[in-house]
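Understanding the architecture of this molecule
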Amino acid sequence: MRLLNLLKIAYKAIVLNKVRTLLTMLGIIIGVASVIAMLAIGEGSKESIRTTISAMGSNMINVKPGSDNRGGVRQDPSAMETLTLKDYLAIKEQATTLNYISPLVNGGGQVINGSNNWPSSIYGVNPEYLDIKVVGLKSGSMFTNTEVQSAAKVAVIGQTVVDNIFPDGENPVGKMIRFNSIPFKIIGVLEEKGTNTFGQDQDDVVIAPYTTVQKRILAIDHLNEIVASAISEEDAPQAVTEVTAILRSQHKLTTNEDDDFHVRSMEELITTFSSTSDMLTVLLVAVAGISLLIGGIGIMNIMYVSVKERTKEIGLRMAVGGKGSDILMQFLIEAILISITGGVLGVILGLGATVFIEKFLHWPTSVAMYSIIISFAVCAVTGIFFGWYPARKASALEPITALRYE
């Protein structure tokens, strides 16, 4: 009953000063809305990164020549020719954690169809490449292992290439094109995948047997890369370890020698991007949290002014038997009500802001329940922390002094 009466008194005091109360709440409202919106953008970006990379093949393992040089030091060209067909065959025969594996060689050039031409990239692979990259065929078919062994001049092309060298909309399957000066017969068109996280157009590609690209386009006998997919996403770390061990044995590297290749999984890429996103999210939330601090100071300021304005009222209450603890609770409840109400309005504004950001700015967002819970918790703590001092000051007033206050 005592608490209910204190709530009624605090509510009436807030209602009597609507405009001042609303202005006091603004800092809390903006702070909470900012925190929710920033966390939603951070979570949305992480989910977007994971989804996009998973679409590239979440189980994918990349083996590239040269040591894992992250210091930016230029390596000797010979160090970039350490992967061979023998390495690919060794991994294919010995690895137990891989589903699919393909050699990869690639280069750039002009795709030509009559008077139409388009600069693109050609990837030399085997038929398992489409399973590794998790991409299907829109029309036609993939080349076979027989065509790989015979270095057949056949190709599968992406939709961007189709749009630029067949602008009239004709079916490209069965047509002849040239990549630089080498003729290729189109036997299939890839399903559209769009642009990936790194801004690369995944449909701007020509895929051909790696033997054909090696011999007729690049004139090389080494591999630019080996791509594979682990049995499952959980097996990816083990697959990286297994492939590394096979290649070290294949290259006859001693214990003291560094790898002349590097093996990476998509999970490592996801982790790297997610950690970067987390750092940016923390920075954004820290900036938004300043608004909460300012809002808290605003509550403290208005409650302090309220104590000054209502000194006589406080003295009267205490003169008729009111306890200091009652006065303390009254002003503390006012501060908490202002803070919690501001928090509720801030949550509504924050959720509205995330909808606006996703719908009109097309940024990925994902509202996590913990961000709302944290916002309410911070509001309660803010109300108690910044409301306690003015409330304590009010409860410590002497009744006679308070009644004489002008």
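Residues numbered from 1 in each chain as written. Predicted model: local features only at pLDDT ≥ 70, side-chain atom pairs only at ≥ 80, totals over all residues. Heavy atoms only, no water.

Mapped onto this numbering, the UniProt entry annotates "transmembrane region" (unreviewed entry) at residues 21-41, 279-307, 328-357 and 369-389. Within residues 279-307, the helical portion is 100% and the strand portion 0%, while the C-alpha atoms at the span's ends are 42 Å from each other. Annotated as 100% helix and 0% strand, the span residues 369-389 places its first and last C-alpha atoms 32 Å apart. (UniProt positions renumbered as here; feature names shortened; annotations may be inferred. Helix = DSSP H or I, 4+ residues; strand = E, 2+ residues; numbered from the N terminus.)

Moving on: unusual backbone geometry. Positive phi values are uncommon outside glycine, yet V134 reaches one of about 55 degrees. Along the chain, the position of V134 falls in the loop between helix 4 (129-133) and strand 4 (137-140). Backbone geometry at A219 places phi at a positive 55 degrees, although glycine is not the residue there. As for its position among the elements, A219 is in the loop between helix 7 (210-218) and strand 9 (225-230).

This part is about the pairing of strand 2 (residues 98-113). With six bridges connecting them, strand 2 and strand 9 associate as antiparallel partners. Its bridge partner lying in strand 9, L98 is registered against A230. Inspection of the sheet shows strand 2 paired to strand 3 (residues 116-125) by nine bridges, in the antiparallel sense. Counted as the bridge partner of G108 is S121 from strand 3. Where strand 2 and strand 6 (residues 176-179) come together, two bridges link them in antiparallel fashion. Looking at the pairing, V111 lines up with F179 of strand 6. (Pairing = 2+ DSSP bridges.)

Running from amino to carboxyl end, helix 10 (residues 311-319) crosses helix 11 (residues 324-361) at an angle of 140 degrees, the nearest separation of the two axes being 10 Å. One element, helix 10, and the other, helix 11, form an angle in the oblique class. Where helix 10 crosses over helix 11, the handedness of that crossing is right-handed. Residues E313, I314, R317 and M318 of helix 10 form the contact with helix 11, whose participating residues are G324, I327, Q330 and F331. Here the residues of the contact of helix 10 with helix 11 are counted per class, giving four nonpolar, two polar and two charged. (Axes fitted to C-alpha atoms, helices over the stretch in contact; angles between N-to-C directions. Parallel < 35°, antiparallel > 145°, perpendicular 65-115°, else oblique. Left-handed = near helix turned anticlockwise from the far one by under 90°. Contact = heavy atoms within 4.5 Å. Nonpolar A, V, L, I, M, F, W, Y, C, P; charged D, E, K, R; others polar.)

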